[in-house]
Amino acid sequence: MGVKAIDILNVSYGYTPLHDVLNGIDVSVEESTITAILGKSGSGKSTLLQIINGMIRPREGEVRLQGRSIDYPNIHSLRLQMGYVVQHIGLFPHMTIADNIGILGRISRKSKEQVKGRVNELIEMVQLPVAYLKKYPHELSGGEQQRAGLCRALLLRPPTLLMDEPFASLDNRTKQGIYHHLLDIQKKENRTTIIVTHDWDETVALADHFIWIEDGRVKVRGDRSELVKLKDAYFFQAE
């Protein structure tokens with residue numbers, strides 16, 4: 001087991017007193033790896049990601065980042081250390097791609113030169129033409145928009161990247177291309193990445209480790225080598 005970046009300690013949460021979305025989640029995430037939180041719709045995996053991000057406070061238990069409990073009164077500073085990518089990318093339609101990617105830099109009062117340099121670096125990493133920086137979101141395909149959204153999440157070089165079903169709406173060919181870009185970025189800028197997904201093949205393609213959640217509990221966890229043994233069981237329960 002490597003160095004722990006995130007410890008999720010006996011976390012439980014429910015939107016109502018009579019229904020637990022998560023029940024006694026007790027797992028750790030290794031530093032500088034990609035971990036998939038795998039499970040069918042309604043299993044609680046997205047709620048767990050929101051708890052890691054500090055958007056939701058658990059009813060019981062706690063989350064520790066690099067050994068420190070989440071400081072909720074100063075949650076804004078924590079979120080600047082976490083990139084966040086969702087399925088519906090949320091690019092601002094009235095802003096160019098350059099401005100969309102660079103917005104966190106301006107909020108953080110980075111210089112124009114710093115922001116421009118980082119935007120150009122990221123756009124090259126995801127292999128989008130530099131000319132696209134002058135375009136608007138509606139002028140890009142879904143896959144291109146998702147790559148721009150990934151650039152935005154990585155602008156401040158966050159040590160942690162959280163991704164919630166980011167590729168669910170894309171076709172398989174587009175997904176395969178983005179997987180390549182994500183893995184390439186992971187090699188160049190090693191960080192702790194957590195991706196929530198229901199997609200078995202996506203987990204196999206991207207994850208070093210996985211946490212399979214079912215009905216708000218950890219069913220199985222392990223590394224990529226163990227996934228093959230569980231494929232039939234996963235597809236059986238997902239039907």
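Residues numbered from 1 in each chain as written. Predicted model: local features only at pLDDT ≥ 70, side-chain atom pairs only at ≥ 80, totals over all residues. Heavy atoms only, no water.

Colleague: Describe the overall build of the chain, and please don't skip the residues or the numbers.
Modeller: Assigned secondary structure in the chain consists of eight helices and 10 strands. For a compact globule of 239 residues, the expected C-alpha radius of gyration is about 18 Å, and the chain comes in at 18 Å, within 12% of that figure. In the chain, the proportion of contacts linking residues at least 24 apart, taken out of those at least 6 apart, comes to 70%. For the chain, the accessible area works out to roughly 12,100 Å², and carbon and sulfur atoms hold 50% of it. Taking the average location of the 30 positive side-chain charges in the chain and that of its 29 negative ones, the two points are 6 Å from each other. (Helix = DSSP H or I, 4+ residues; strand = E, 2+ residues; numbered from the N terminus. Rg over C-alpha atoms; globule rule 2.2 N^0.38 Å. Contact = heavy atoms within 4.5 Å. Areas by Shrake-Rupley, 256 points an atom, 1.4 Å probe, with all protein chains shown as cover. Lys, Arg positive; Asp, Glu negative; His and termini not counted. Charge placed at Lys NZ, Arg CZ, Asp CG, Glu CD.)

Colleague: Report on the side chain of Asn53, specifying residues and quantitative values.
Modeller: Inspection of the secondary structure assignment puts Asn53 in the loop between helix 1 (45-52) and strand 4 (60-65). Every residue in contact with Asn53, bar those within four places of it in the chain, is listed here: Ile75, Leu78, Arg79, Met82, Tyr84 and Leu162.

Colleague: Tell me what's going on with the packing of aromatic side chains, and back it up with residues and numbers.
Modeller: In the structure shown here, the tally under the stated rule is six aromatic pairs. When the centroid spacing of 6.1 Å and the interplanar angle of 50° are considered together, the rings of Trp200 and Phe235 count as tilted. In this pair, Trp200 sits in helix 7 (residues 200-206) while Phe235 sits in helix 8 (residues 224-238), placing the two residues 35 residues apart along the sequence. When its relative accessible area of 37% is taken as the criterion, Phe235 is described as partly exposed. Note on Tyr234 and Phe235: the rings are 5.8 Å apart at their centroids and 80° apart in plane angle, and the pair reads as edge-to-face. In this arrangement the basic side chain of Lys135 is found over the ring face of Tyr132, its NZ or CZ atom lying 5.4 Å from the centre. Sitting over the face of the ring of Trp212, Lys219 holds its NZ or CZ atom 5.4 Å from the ring centroid. (Phe/Tyr/Trp six-rings, centres within 6.5 Å; stacked < 30°, edge-to-face > 60°. Buried < 20%, exposed > 50% of the residue type's maximum accessible area, 1.4 Å probe, protein only. Lys NZ or Arg CZ within 6 Å of the ring centre and 35° of its normal.)

Colleague: Which residues make up the layout of surface pockets, and what values go with them?
Modeller: Space inside the largest pocket adds up to approximately 530 Å³. Around the largest pocket, the lining comprises 21 residues; the ones closest to its centre are Met82, Tyr84, Leu104, Arg152 and Ala153. Here the residues of the lining of the largest pocket sort into 14 nonpolar, five polar and two charged. In this model, the second largest pocket occupies a volume close to 330 Å³. (1 Å grid on protein atoms, 1.4 Å probe; cavity = no way out; pocket = protein on both sides within 12 Å on 5 of 7 lines; lining within 4 Å. Points joined across faces, edges and corners; volume = space filled by probe spheres on them. Nonpolar A, V, L, I, M, F, W, Y, C, P; charged D, E, K, R; others polar.)

Colleague: Go over the nonpolar core with me, naming the residues and quoting the values.
Modeller: If you look at the biggest cluster of nonpolar residues, it comprises 34 residues, and the most contacted ones within it are Ile101, Leu150, Leu161, Met163 and Phe167. Those elements that provide at least two residues to this core are strand 3 (34-38), helix 3 (97-107), helix 4 (112-125), helix 5 (142-154), strand 7 (160-164) and helix 6 (172-188). Leaving out residues up to four positions away in the same chain, Phe167 has contacts with Gln146, Lys175, Ile178, Tyr179, Leu182, Ile195, Glu202 and Leu206. Ranked by size, the runner-up nonpolar core spans 28 residues in total, among them Ala5, Ile6, Val21 and Ile56. (Core = buried A, V, L, I, M, F, W, Y, C linked by side-chain atoms within 4.5 Å.)

Colleague: Residues and numbers for the packing of helix 5 against helix 6, please.
Modeller: Across the interface, helix 5 lies against helix 6 with an axial gap of 10 Å and an inter-helix angle of 20°. Relative to helix 6, the element helix 5 is oriented roughly parallel. The crossing of helix 5 and helix 6 is right-handed. Contact residues: helix 5 offers Gly143, Gln146, Arg147, Leu150 and Leu154, while helix 6 offers Thr174, Ile178, His181, Leu182 and Ile185. Here the contact of helix 5 with helix 6 is built from residues that sort into five nonpolar, four polar and one charged. (Axes fitted to C-alpha atoms, helices over the stretch in contact; angles between N-to-C directions. Parallel < 35°, antiparallel > 145°, perpendicular 65-115°, else oblique. Left-handed = near helix turned anticlockwise from the far one by under 90°.)

Colleague: Before we move on, can you summarise the sheet that holds strand 5 (residues 68-69) with the specific residues and values?
Modeller: Judged by pairing direction, the sheet is antiparallel, and its four strands sit side by side in the order 2-1-4-5 without closing on themselves. Looking at strand neighbours, the two that pair on one side only are strand 2 (22-30) and strand 5, the edges of this open sheet. Pairing of strand 1 (residues 4-13) with strand 4 involves five bridges; the strand directions are antiparallel. Of the residues in strand 4, the one forming a bridge with Ile8 is Val63. (Pairing = 2+ DSSP bridges.)

Colleague: Requested: an account of helix 5, with residues and values cited.
Modeller: An ideal rise of 1.5 Å per residue puts 18 Å on 13 residues; helix 5 measures up with 19 Å between its terminal C-alpha atoms. Buried residues dominate helix 5, accounting for 12 of its 13 residues. Considered for burial, the residues of helix 5 that qualify are Gly143, Glu144, Gln145, Gln146, Arg147, Ala148, Gly149, Leu150, Cys151, Arg152, Ala153 and Leu154. Buried residues in helix 5 make contact with strand 6 (82-86), helix 3, helix 4, strand 7 and helix 6. (Expected span 1.5 Å × (residues − 1).)

The analysis is restricted to geometry; functional conclusions fall outside its scope.
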